[in-house]
Amino acid sequence: MTLPLSAAETTATRTTTGSKLLAITFDDGPGNYTASLLDALAKRNVKATFFVVGNRVSSYSAIVKREYEEGHQMANHSWDHANLTSLGYASFTSELSKTQNAISSAVGHDVGQLVLRPPGGNYNANVKAWANCPLILWSIDPKDWKDRNATTVKNRIVSQAKDGAIILVHDLYATSVQGAIAAIDELQAQGYTFVTVNELFRRKGITLQNGAVYMSAPSNGIDLGPLDPYAYDETKLSQHWAYTYITYVKEHGLMNGFREDLFGPNYPMTRGMFVTVISRLSGETVTGYENTFSDVNNNTWYTEAVAWAAAKGIVQGVGNSLFSPEAYVTREQACVIMANYLAYCGLGPAVTTPLTFDDTDQISAWAKQGVTVMVGKGIINGKGNNLLDPKAYATRAEAAVILTKFDQLFPNTLTAQHWRF
Ligand code: ZN
């Protein structure tokens, strides 16, 4: 059986106030100063947004690839810096798609729909209707293209800086790049963090809408938290080390999206998630079991799976009638749960091969047997350097590996058992 798709298998909302976030954006490039700009941004751990002019990409394709690979946001500034308000539909879409294709071919794969900054900031109802993406303007314009003086550029940026602002600079001029870097240094010293446009809005809790025009992210005192340590750029999912396993679990309906169409490979599995995917692996009907946990609400996406798994002895609560569904599963916990599931399926014999990881002594006593079984069956491996890392969280990618190996080792085990009995 497959449980209904959850809108989100987990969402965490953190709210703090007093954030100081800025998005710095570079237009009209790439150009001859973009490489040194990238060096300077990397040194300062700044992620910027590049509104690229499409017809320049082929001359600077290595630079575009570098922008992308260094975590900057790629964005569309038309093919030839056209005034988009003067174009018909066909020319308009060609301006955008040609640029998007040029960027995609420079970075080596489809970069997907990019946000648009119409050249000159010129837009009208047609531009909004046809763009099929958010329109990103700016709130700080140092007029760096006009006044080619690095100090002037820096001063104008610094004096206007405030939380949520979007800064416009052009990476075509040496003075612009120097001024921008000087401003970044000063603003970082004031406690500002520079993020991409998409990240700026994400951290303000704002979902960008297609056809809407944004000049800044409202300074609403909200910052959903620091850069997500588990985030993974899913345009690069095919390059993820676990990609074949991720594909397998998606195709076999074992794991669904984590958030919208994202897989979230580097996010830890929660207990609720883990039990849910095991219920999918089982193919059993999991409805009709009583939920005995006070912290598991009756109508969540994991309720039935948790009740089923607890009834079958695959998973236990954490005491006091609690299940702790949002807690992350460690690697050793994952082993124990999978070993319980293996036993439930009647799949012995028990493995007794001793563990030889360098960190074997880090494994909790209660988890030793489960880890021994899962390692012996080849379902879980070490992480390299002969380490198991038992107390690290099991990521969704690692869960995909465990599920895939299990499914391939014991295809349709439970169904077969049920036929037999
Ligand atoms: Zn421009």
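Preceding this paragraph is the structure being described.
About the criteria used
Residues numbered from 1 in each chain as written. Predicted model: local features only at pLDDT ≥ 70, side-chain atom pairs only at ≥ 80, totals over all residues. Heavy atoms only, no water. Phe/Tyr/Trp six-rings, centres within 6.5 Å; stacked < 30°, edge-to-face > 60°. Helix = DSSP H or I, 4+ residues; strand = E, 2+ residues; numbered from the N terminus. Buried < 20%, exposed > 50% of the residue type's maximum accessible area, 1.4 Å probe, protein only. Donors = N, O, S within 2.8 Å, 3.2 Å for Na, K, Ca; no water. Pairing = 2+ DSSP bridges. Right-handed = clockwise from strand over helix to strand, strands pointing away. Arc of directions from axis to C-beta. Lys, Arg positive; Asp, Glu negative; His and termini not counted. Salt bridge = Lys/Arg side-chain N within 4 Å of Asp/Glu carboxyl O. Contact = heavy atoms within 4.5 Å.

Q: How do you make sense of the packing of aromatic side chains when you look at a structure like this?
A: How two aromatic rings sit relative to each other is set out by the distance from centre to centre and by the angle between their planes. Considering all chains together, one arrives at 13 aromatic pairs under this definition. Where phenylalanine 26 meets phenylalanine 50, the ring centres are 5.5 Å apart and the plane angle is 25°; that geometry is what we call stacked. Taken together, the residues phenylalanine 26 in strand β1 (residues 21-27) and phenylalanine 50 in strand β2 (residues 49-52) connect sequence positions 24 residues apart. Taking the relative accessible area as the measure of exposure, phenylalanine 26 reaches 1% and is therefore buried. Pairing tyrosine 230 with tyrosine 328 gives two aromatic rings, centres 6.2 Å apart and planes at 85°, and the pair type is edge-to-face.

Q: Would you mind going over the coordination of the zinc ion with me for this structure?
A: Reference values for angles at a metal are 109.5 degrees in the four-donor tetrahedral case and 90 or 180 degrees in the six-donor octahedral case. Only Asp28 (OD), His77 (NE2) and His81 (NE2) from the protein reach the zinc ion as donors, at distances of 2.1 Å. Read in sequence order, the donor residues coordinating the zinc ion give the pattern D-x48-H-x3-H. Of the two residues, aspartate 28 sits in the loop between β1 and α1 (34-43) while histidine 81 sits in the loop between β3 (73-76) and α3 (89-107), which places them 53 residues apart along the sequence. Residue classification places histidine 81 among the partly exposed residues on the basis of a relative accessible area of 36%.

Q: Is there a simple way to explain unusual backbone geometry in this structure?
A: With an omega of 0°, the peptide bond between glycine 29 and proline 30 qualifies as cis. Along the chain, proline 30 turns up in the loop between β1 and α1. In this structure, serine 78 takes a positive phi of about 75° despite not being glycine. Relative to the helices and strands, serine 78 resides in the loop between β3 and α3. Judged by relative accessible area, which is 0%, serine 78 ranks as buried.

Q: Quick question: what am I supposed to make of the pairing of β3 here?
A: Each regular strand displays side chains that alternate between the two surfaces of the sheet. Here β3 shows two buried faces, one formed by Gln73 and Ala75 and the other by Met74 and Asn76. As paired elements, β2 and β3 share 4 bridges and run parallel to each other. Among the inter-strand pairings, valine 52 is bridged to a residue of β3, identified as asparagine 76. Of the crossover connections in this fold, the one passing from β2 over helix α2 (residues 61-69) to the parallel β3 is right-handed.

Q: Looking at this structure, how should I read helix α8 (residues 243-251)?
A: One full turn of an α-helix is made of 3.6 residues, so residues set three or four places apart face in the same direction. Buried within α8 we find Ile246, Tyr248 and Val249. One side of α8 carries all its buried residues, which in axial view fall inside an arc of 160°. Turned more than 90 degrees away from the buried face of α8, the exposed residues are Thr244 and Glu251.

Q: Hey, could you run me through the side chain of arginine 271 in this one?
A: With respect to the helices and strands, the residue arginine 271 is situated in helix α9 (residues 271-282). Nearest to the buried, unbridged arginine 271 among oppositely charged side chains is aspartate 295, at 7.4 Å.

Q: What exactly am I supposed to notice about the environment of tryptophan 145 here?
A: For tryptophan 145, the location among the structural elements is in the loop between β4 (135-136) and α5 (150-160). Each C-alpha atom, one on tryptophan 145 and one on alanine 310, is 66 Å from the other, the two residues being 165 residues apart in sequence. Among all residues touching tryptophan 145, those that are not within four sequence positions of it are His170 and Tyr173.

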